[in-house]
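Overview (structure and organization)
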Amino acid sequence: MAELHFFTGTMDSGKSTLALQTNHNHAARGRAGRIFTANDRAGEARISSRLGLTHDALEVGPDFDFWRYVVETLTHGGRIDYLICDEAQFYTREQVDQLAKVVDELQIDVFAFGILTDFRTALFEGSQRLVEIADRMNVLQVEALCWCGKRATHNARTENGAMVVEGEVIVVGDVDEAGAAPADVAYEVLCRQHHRRRLTAARAKAVSLAPEPLPFG
Ligand SMILES: Nc1ncnc2c1ncn2[C@@H]1O[C@H](COP(=O)(O)OP(=O)(O)O)[C@@H](O)[C@H]1O
Ligand SMILES: Cc1cn([C@H]2C[C@H](O)[C@@H](COP(=O)(O)O)O2)c(=O)[nH]c1=O
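Because the structure is predicted, anything quoted here is derived from the model rather than measured.

**What to know about the overall build of the chain**
- When helices and strands are counted, the chain shows six helices and 11 strands.
- When the backbone C-alpha atoms are referred to their principal axes, the chain occupies close to 80 × 30 × 30 Å.
- Buried positions account for 42% of the 217 residues belonging to the chain.
- Here the contacts in the chain between residues at least 6 apart in sequence split such that 73% fall between residues at least 24 apart.
- Carbon and sulfur atoms form 50% of the exposed surface of the chain, whose accessible area is close to 12,000 Å².
- Charge-centre separation for the chain: the mean point of 23 positive side chains lies 6 Å from the mean point of 31 negative side chains.

**Digging into the pattern of salt bridges**
- Counted according to the given criterion, the structure contains 12 salt bridges.
- Across the pair Asp-56 and Arg-46 runs a salt bridge whose closest N-O atoms are separated by 2.3 Å. One end of the pair, Asp-56, is in strand E4 (residues 54-56); the other, Arg-46, is in strand E3 (residues 46-48), with 10 residues separating them in the sequence.
- Overall, Asp-56 belongs to the exposed group, its relative accessible area being 53%.
- Its relative accessible area of 26% is what places Arg-46 among the partly exposed residues.
- Close ionic contact of Arg-129 with Asp-97 constitutes a salt bridge, the shortest N to O distance being 2.7 Å. Taken together, the residues Arg-129 in helix H4 (residues 125-133) and Asp-97 in helix H3 (residues 93-106) connect sequence positions 32 residues apart.
- Each of Asp-12, Arg-41, Arg-50 and Asp-174 takes part in one network of salt bridges that share partners.

**Describing the site of ligand 2**
- Lining the immediate surroundings of ligand 2 are 20 residues, of which Lys-15, Arg-50, Phe-119, Val-169 and Val-171 lie closest.
- In this structure, Lys-15 approaches ligand 2 through a side-chain N or O atom, which is 2.9 Å from an oxygen atom.
- The side chain of Arg-41 places a nitrogen or oxygen atom 3.2 Å from an oxygen atom of ligand 2.
- Alone, ligand 2 offers 490 Å² of accessible surface; in the complex the protein occludes 99% of this.

**A look at a positive patch on the surface**
- On the surface, a cluster of positive charge is contributed by Lys-150, Arg-192, Arg-196 and Arg-197.
- Structurally, the position occupied by Arg-192 is in helix H5 (residues 192-196).

**Thoughts on the packing of helix H2 (residues 66-75) against H3**
- Taken N-terminus to C-terminus, the directions of H2 and H3 make an angle of 35°; their axes are 8 Å apart at the nearest point. Two secondary-structure elements touch here, H2 through Phe-66, Trp-67, Val-70, Val-71 and Leu-74 and H3 through Gln-95, Gln-98, Leu-99, Lys-101, Val-102, Glu-105 and Leu-106.
- Along the lines of polarity and charge, the residues of the contact of H2 with H3 split into eight nonpolar, two polar and two charged.

**Here's the deal with H3**
- The terminal C-alpha atoms of H3 lie 20 Å apart, and with 14 residues this matches the ideal 20 Å at 1.5 Å per residue to within 8%.
- The set of residues buried in H3 consists of Gln-95, Val-96, Gln-98, Leu-99, Ala-100, Val-102 and Val-103.
- Packed against the buried residues of H3 are strand E1 (4-8), H2, strand E6 (82-85), strand E7 (109-114) and H4.
- Positive backbone phi, approximately 55°, marks Gln-107, located one or two places after H3.

The rules behind these values
Sequence order as written defines the numbering, with residues in each chain counted from 1. Here the convention is simple: chains get letters from A, ligands get numbers from 1, in the order in which they are written. Local features in this predicted model are restricted to residues whose pLDDT is 70 or higher, and side-chain atom pairs enter the listing and the counts only when it is 80 or higher, whereas totals over whole chains, interfaces and linings include all residues. In computing side-chain values, all of the structure's heavy atoms are included and hydrogens and water are not. We count a stretch as a helix when DSSP gives it H or I for four or more residues in a row; a strand needs E for two or more, and each element gets its number in order from the N terminus. In this scheme, a residue with accessible area under 20% of its type's maximum is buried, one over 50% is exposed, and one in between is partly exposed, where area comes from a 1.4 Å probe on protein chains only. Residue contacts follow a heavy-atom distance rule, with two residues in contact if any of their heavy atoms lie within 4.5 Å. Here, Shrake-Rupley sampling with a 1.4 Å probe gives the accessible areas, and only protein chains in the shown set may cover a residue. Here Asp and Glu are counted as negative and Lys and Arg as positive; His is not counted, and neither are the chain ends. Where a charge sits is defined by one atom per residue type, namely NZ (Lys), CZ (Arg), CG (Asp) or CD (Glu). Only one rule defines a salt bridge in this text: a Lys or Arg side-chain nitrogen within 4 Å of an Asp or Glu carboxyl oxygen. Here, proximity means that at least one heavy atom of the residue falls within 4 Å of the molecule or strand. Counting of polar contacts relies on pairs of N or O atoms within 3.5 Å, with two restrictions inside protein: one atom must be capable of donating a hydrogen and the other of accepting it, and residues adjacent in sequence are counted only when both atoms are side-chain atoms. A residue counts toward a patch only above 30% relative accessible area and without a salt bridge, and it is joined to like-charged neighbours within 9 Å or, for Val, Leu, Ile, Met, Phe, Trp and Tyr, to nonpolar neighbours within 5 Å. Geometry is summarised by axes, namely lines fitted to C-alpha atoms with helices restricted to the contacting stretch, and by angles between N-to-C directions that run from 0 to 180 degrees. Classes in brief: Ala, Val, Leu, Ile, Met, Phe, Trp, Tyr, Cys and Pro nonpolar; Asp, Glu, Lys and Arg charged; the others, Gly included, polar. Every helix has an expected span of 1.5 Å times one less than the residues it contains.

Structure, rendered in structure tokens:
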């Protein structure tokens, strides 16, 4: 039986790497797949992992119709055994419903990968629908870590180094490299406590280096 799988984790937890590994393993056994992504950092129609792997992909815009694409491909003699769907948080609710229909009506496996919540801690539309209807939801085993060493569960956005909690939901970006100058817009994974306190690694360092107040009054 085909299934709709949803693999989730914070940014930088290995989702795109797993997406490309999944594709590799299925393709190696002669199965025919299609790879989709939306707004990848590497640019349109590319899927990229921080481990250095990249692959061509089909770009999913807001009007893309998975059901129509698959039916038209099959009608024209193409073969599809599975779909790899990266950055699935950016898909619309309707597109996730189309993926479920592809699984149920055409017996094609779908492997979807995406972050669950945005920088404000609200569910993304595509991820919410995947949580609601996926056959299996898997949290990635490689844990991204907060600067304090605890498991990171939240994706924080920074603007010129300062954490923000208001703004556009979709802003493509990357996590800052340790020690590098902060990008205009970047992301940092944090545990809930430090996300709640807006305590990024840079701010924690600045606070710890601040001189102790003199013990008067
Ligand atoms: N230089 C490195 N050596 C080993 N592992 C790395 C290196 N750089 C990145 N990684 C691994 O790659 C993961 C990020 O993979 P990626 O697929 O890009 O994540 P995601 O798609 O979830 O944002 C990191 O959590 C880390 O485990
Ligand atoms: C939290 C958050 C993230 N994004 C963007 C930033 C990246 O381009 C992707 C996540 O990619 P990854 O492969 O999981 O690292 O999503 C966003 O647009 N809005 C957000 O709130």
